[in-house]
Amino acid sequence: MNQIILLVGVVIMICVLMGRVTSRLAVPSLLIFIGLGMLFGEDGIFRIVFDDYGVTETICSVSLIFIIFYGGFGTNVKEAKSVAAKALLLSTLGVALTTGFVGVFVHLVLRLPWLESFLVGSVIASTDAASVFNILRTKKLDLKYHTASLLELESGSNDPFSYMLTTIVLSVMHGGSSGGQFAALLAAQIGYGVLFGAVLALAGRWVLGRFRFSAGFDAVFAVAVALLSYVLPEMLGGNGYLSVYLTGMILGNSRIPNKSGLVHFFDAATALMQMVLFFLLGLLAFPSQLPRIAPRALLIALFLTFVARPTVVALLLTPFRAPLRQRLLVSWSGLRGAASIVFAIMATMHPAVMQNDVFHIVFFIVLFSVLLQGTCLP
């Protein structure tokens with residue numbers, strides 16, 4: 001027990017100090033956290049044996065709850081109004097189109113089965129909120145045409161739709177489903193996600209506005225609301241991440257006491273969760289497995305970055321007469337990150353039969369994305 005606590009303390013301290021160093025460099029700090037995890041892992045220097053996908057999925061899912069909730073909490077609806085239609089199209093139809101384009105490419109070029117091809121597409125279809133928020137906020141990029149709001153709203157709201165598509169594809173792979181079952185699953189994902197997100201947010205707003213909490217307990221209550229907004233719809237087959245994002249957005253745009261205190265708390269909590277999440281994902285990975293899947297993963301990453309994402313952005317933003325520079329930047333800002341790896345873990349643990357190492361394929365794609373796009377974005 002003492003050794004685990006020692007390891008946790010040392011790792012967090014290293015991550016914080018390395019984050020300070022990398023803030024002056026072009027390399028995203030999240031890449032450093034992944035690298036540290038790989039360094040401590042079984043293929044690294046310290047050779048810590050860790051292959052528990054179940055524990056990793058649980059910890060990473062909780063971390064994502066914090067990150068997505070705070071992404072919604074920090075979304076300024078007034079500022080985002082001018083780009084809301086663009087962002088929501090990118091986060092819904094854009095995710096579906098990306099899944100389709102990548103799925104067809106993987107099947108035709110890499111010869112994976114159709115359903116497994118679409119599974120890969122759905123897992124990597126969303127841009128990563130943690131990566132995008134980290135780069136936009138730490139680098140303090142001053143972007144024109146409300147592009148920062150567009151990117152934050154898209155990345156914060158598209159993880160739920162990628163999760164939904166991943167869940168549906170896994171369900172079809174496992175046992176198949178009729179058109180009616182597919183429609184029912186889709187309705188449950190969206191319906192329960194929106195219902196619980198709205199109800200819990202309004203209830204939380206009422207409690208926070210009516211009662212005066214002792215120092216810090218309002219933040220503890222907000223954490224409880226965020227956790228409940230995820231787990232309750234999940235228990236009924238709904239989309240927990242959609243609910244969490246909606247809850248955060250409603251609370252963040254409401255007049256509640258001590259909002260600045262909540263912002264400071266979730267700033268720190270989200271930073272810690274990002275460190276834990278990326279370090280743990282690096283710890284779980286086996287770098288020795290990457291060369292084996294590298295050729296296929298690299299082809300998918302190149303197609304996603306230079307064909308699928310730009311095509312989707314062009315199709316959806318051109319009708320809005322978005323400036324060419326904005327379309328190019330939004331295309332390049334489609335970073336893949338923690339959410340994709342967490343969904344890949346979920347797929348790995350699912351009883352559906354797969355012929356390929358989806359986890360390490362997605363892990364390679366995320367490394368490629370964060371290293372290339374994340375480094376060049378500023």
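Only a predicted model underlies this, so the values are computations on that prediction, with no experimental measurement involved.

Asks: Teacher, can you tell me more about the nonpolar core here?
Replies: Formed by 105 residues in total, the largest nonpolar core has its most connected members in Val102, Ile124, Leu277, Ile300, Val362, Phe363 and Ile365. Top element by residues in this core is helix H14 (residues 290–317). It accounts for 13 residues. Setting aside chain neighbours within four positions, we find Val362 in contact with Val123, Ile124, Ser340, Ile341 and Ala344.

Asks: Help me understand a nonpolar patch on the surface in this model?
Replies: Together, Tyr192, Leu195, Val199, Leu228, Val231, Met235 and Leu236 line one region of the surface with nonpolar side chains, adding up to about 640 Å² of accessible area. Elements represented by at least two residues in the nonpolar patch include exactly helix H10 (179–210) and helix H11 (217–235).

Asks: Would you explain the environment of Glu152 in this entry?
Replies: Looking at where Glu152 falls in the secondary structure, it is placed in helix H9 (residues 147–175). You can call Glu152 buried: its relative accessible area is 17%. C-alpha of Glu152 to C-alpha of Thr127: the two residues are 25 residues apart in sequence and 9.8 Å apart in space.

Asks: When you look at the packing of aromatic side chains in this model, what are you seeing that I'm missing?
Replies: A ring pair, where both rings are aromatic, is described by two values, the distance of the centres and the angle of the planes. For the structure on display, the rule yields 20 aromatic pairs. When the centroid spacing of 5.2 Å and the interplanar angle of 45° are considered together, the rings of Phe69 and Phe266 count as tilted. With Phe69 in helix H3 (residues 53–73) and Phe266 in helix H13 (residues 259–284), this pair connects stretches of sequence that are 197 residues apart. For the ring pair Phe265 and Phe266, a centre distance of 5.1 Å and an interplane angle of 85° mean the geometry is edge-to-face. Overall, the relative accessible area of 33% leaves Phe265 in the partly exposed class. Grouping aromatic residues by their ring pairs yields a cluster made of Phe66, Phe69, Tyr70, Phe73, Phe265 and Phe266.

Basis of the calculations
- Residue positions are given per chain, counting from 1 as you read along its sequence in written order.
- Confidence filtering applies because this is a predicted model: local features only for residues at pLDDT of at least 70, side-chain atom pairs given and counted only at 80 or more, and all residues used for totals across whole chains, interfaces and linings.
- Only hydrogens and water are set aside; all other atoms, that is, all heavy atoms of the structure, feed into the side-chain values.
- As used here, the term nonpolar core means buried Ala, Val, Leu, Ile, Met, Phe, Trp, Tyr and Cys residues forming a set that is joined through side-chain atoms within 4.5 Å.
- Burial status follows relative accessibility: with a 1.4 Å probe on protein chains alone, a residue under 20% of its type maximum counts as buried, one over 50% as exposed, and anything between as partly exposed.
- A helix here means a DSSP run of H or I that spans at least four residues, while a strand means a run of E at least two residues long, and both kinds are numbered starting from the N terminus.
- Whether two residues are in contact is decided by their heavy atoms: any pair within 4.5 Å suffices.
- Patch construction takes residues with relative accessible area above 30% that form no salt bridge. Like charges are linked within 9 Å, and nonpolar side chains (Val, Leu, Ile, Met, Phe, Trp, Tyr) are linked within 5 Å.
- Surface accessibility in these figures is a Shrake-Rupley result with a 1.4 Å probe; residues are shielded only by whichever protein chains are displayed.
- By salt bridge we mean one thing: a side-chain nitrogen of Lys or Arg within 4 Å of a carboxyl oxygen of Asp or Glu.
- Stacked, edge-to-face and tilted labels apply to pairs of Phe, Tyr and Trp rings (six-membered ring for Trp) whose centres lie within 6.5 Å, assigned for plane angles under 30 degrees, over 60, and everything in between, in that order.

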